[in-house]
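One letter stands for each residue in the lines below.
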Amino acid sequence: MSTTSRARGRRRALAACVGALVVALSACGPLDATAPAGGAAAEAGAPAPAPAQGPVAGAPVDGVPGQTALATLGLLAVKGRAPRTGYDRDLFAYRQVDLDGNGCDTRNDVLRRDLTGVVLKPGTQDCVVQSGTLADPYSGTSIAFVRGDSTSADVQIDHVVALSDAWQKGAQHLDDAARQRLGNDPLNLLAVSGPLNTQKGDGDAATWLPPNTAYRCAYVARQVAVKHAYGLWVTAAERDAIAGVLASCPDEPLPAGTPLPPEQAAPAPVDPAPVEPAPVDPGPAPAPDGGAPASPGNARNCADFATWAEAQAWFETYLPLYGDVAELDGDDNGVACERLPGAP
């Protein structure tokens, strides 16, 4: 047997052992919700709750034992993907709420956190990032960010657990406040390469991982942290994919300041159901009464369009009625899919 074959065999065996450990850990039950919280909320930036209120999403739990990503993966429920019925990106209020009360929108908060050499736009109360440099975790490359109609989309803000994925795995059972925290929680947000964010879409770990293999352990650990913090579940394929990544880094910790799960009723069990791909139809769906088109939801990405003109026409059809539901305008400048042929 060759050295390469033996190495591959060892990796497969280790992944199988890790998968078995995850299944065993799932029988241990959730973390004690009364475990003491302490330390600084390093990334979430949220104040610790008063002790009498108990843990809520956004409250740091530094010091709680067993907070490796692998151990926490074993605490997540494993279910089928729920229907996407009722999903609306606006329910998560991304950039519509100011969780930290600093007067700046969430996108610029994350840009200021993740970029180096940041230059702020004058007259914006030190909020709007004009330029900076991103050490992109998804590609492992350095990206120069310059705010502008044709350049802002080079750096986008990724929801590490995509909002559509979250909706189908428990977020539909969260209350409005918890969903808004999830949509704007720094724990779930990263500044990343725009093209790779578009490539990811609403995929989970079973369908998409960062091309930069050196970042995959930290990436899935962050997904586990978010899902644990907000009481979301994983599919069996997703759990196995995460366990496969963590086989190479079984001691990978959760991100600092990972919050406890929110105090809410457990979501109702959902029977697994096959997911049919949505038909590709470039035209707007008419409303039953022949009036305004129905909301398409977050069912499209830029790769579905052959040209910029086609994407922009679709974008402008729904924007006045439902906003940028498919998030085709990554920099909110009114121009969709700026990397497609024919874009201004």
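Scope of this entry: the structure provided in the associated data block.

Considering helix H5 (residues 176-184)
- Within H5 the residues assigned to the buried category are Ala178, Arg179, Leu182, Gly183 and Asn184.
- Turning to H5, the residues buried within the fold contact helix H3 (106-114), strand S4 (155-159), helix H4 (163-168), strand S5 (189-193) and helix H7 (216-229).
- The backbone nitrogen of alanine 177 has a side-chain oxygen 3.3 Å away, supplied by the residue at the start of H5, namely aspartate 175.

Things to note about the pairing of strand S3 (residues 142-146)
- Because side chains alternate across S3, one face comprises the buried residues Ile143 and Phe145, and the other comprises Ser142, Ala144 and Val146, none of which is buried.
- Taken together, the five bridges between strand S2 (residues 129-135) and S3 define a ladder with antiparallel strand orientation. Each residue of the ladder has a partner; that of serine 131, found in S3, is valine 146.

Some details on the packing of aromatic side chains
- Applying the stated criterion across every chain, the model contains seven aromatic pairs.
- The interplanar angle of 75° and the centroid separation of 5.9 Å between the aromatic rings of tryptophan 208 and tyrosine 219 together place this pair among those described as edge-to-face. In this pair, tryptophan 208 is assigned in the loop between helix H6 (194-200) and H7 and tyrosine 219 in helix H7, connecting sequence segments 11 residues apart.

What to know about the pattern of salt bridges
- The full count for this structure, using the stated rule, is 13 salt bridges.
- Linking arginine 81 and aspartate 165 is a salt bridge whose minimum nitrogen-to-oxygen distance equals 3.4 Å. In this pair, arginine 81 is assigned in the loop between helix H2 (69-73) and H3 and aspartate 165 in helix H4, connecting sequence segments 84 residues apart.
- With a closest N to O distance of 2.8 Å, glutamate 238 and lysine 227 form a salt bridge. Residue glutamate 238 is located in helix H8 (residues 236-246), and its partner lysine 227 is located in helix H7; the two are separated by 11 residues in the primary sequence. With respect to class, glutamate 238 is no different from lysine 227; both count as buried.

Section: the packing of H7 against H8
- With their axes 9 Å apart at the nearest point, H7 and H8 run at an angle of 135° to one another. For the element pair H7 / H8, the angle class is oblique. Once H7 is placed against H8, the crossing between them reads as left-handed. Of the residues in H8, those in contact with Arg216, Cys217, Val220, Val224 and Lys227 of H7 are Glu238, Ile242, Val245 and Leu246.
- Per-class residue counts for the contact of H7 with H8 are six nonpolar, no polar and three charged.

Let's talk about empty space enclosed by the protein
- Under the defined criterion, the tally for this structure stands at one cavity of 30 Å³ or more.
- Counted as a void, the largest cavity has a volume near 30 Å³.
- Taken together, Trp314, Phe315, Tyr318, Gly323, Asp324, Val325, Ala326 and Leu328 make up the full set of residues lining the largest cavity.
- Classifying every residue of the lining of the largest cavity gives six nonpolar, one polar and one charged.

Observations regarding the environment of threonine 106
- Residue placement: threonine 106 occurs in helix H3.
- For the pair threonine 106 and isoleucine 157, spaced 51 residues apart in sequence, the C-alpha to C-alpha distance is 9.2 Å.
- Excluding residues within four positions of it along the chain, threonine 106 makes contact with Tyr94, Arg95, Val97, Asn184 and Leu189.

Looking at unusual backbone geometry
- For arginine 95, which is not a glycine, the phi torsion comes out positive at approximately 70°.
- Tracing the chain through its elements places arginine 95 in the loop between H2 and H3.
- A residue is classified by how much of its surface remains accessible, and arginine 95, at 25% relative accessible area, is partly exposed.
- With phi around 60°, aspartate 126 is a residue other than glycine that occupies positive phi space.
- Structurally, aspartate 126 can be placed in the loop between strand S1 (115-120) and S2.

A closer look at the nonpolar core
- In terms of nonpolar packing, the biggest core is built from 40 residues, with Tyr138, Leu182 and Leu246 touching the most fellow members.
- In contact with leucine 246, not counting residues within four places along its chain, are Ala69, Leu70, Leu73, Cys217, Val220 and Glu252.
- One finds Tyr318, Leu328, Val335 and Cys337 within the second-largest nonpolar core, a separate group that totals 13 residues.

The rules behind each value
Residues numbered from 1 in each chain as written. Predicted model: local features only at pLDDT ≥ 70, side-chain atom pairs only at ≥ 80, totals over all residues. Heavy atoms only, no water. Buried < 20%, exposed > 50% of the residue type's maximum accessible area, 1.4 Å probe, protein only. Helix = DSSP H or I, 4+ residues; strand = E, 2+ residues; numbered from the N terminus. Contact = heavy atoms within 4.5 Å. Polar contact = N/O pair within 3.5 Å; in protein donor to acceptor, adjacent residues only side chain to side chain. Pairing = 2+ DSSP bridges. Phe/Tyr/Trp six-rings, centres within 6.5 Å; stacked < 30°, edge-to-face > 60°. Salt bridge = Lys/Arg side-chain N within 4 Å of Asp/Glu carboxyl O. Axes fitted to C-alpha atoms, helices over the stretch in contact; angles between N-to-C directions. Parallel < 35°, antiparallel > 145°, perpendicular 65-115°, else oblique. Left-handed = near helix turned anticlockwise from the far one by under 90°. Nonpolar A, V, L, I, M, F, W, Y, C, P; charged D, E, K, R; others polar. 1 Å grid on protein atoms, 1.4 Å probe; cavity = no way out; pocket = protein on both sides within 12 Å on 5 of 7 lines; lining within 4 Å. Points joined across faces, edges and corners; volume = space filled by probe spheres on them. Core = buried A, V, L, I, M, F, W, Y, C linked by side-chain atoms within 4.5 Å.

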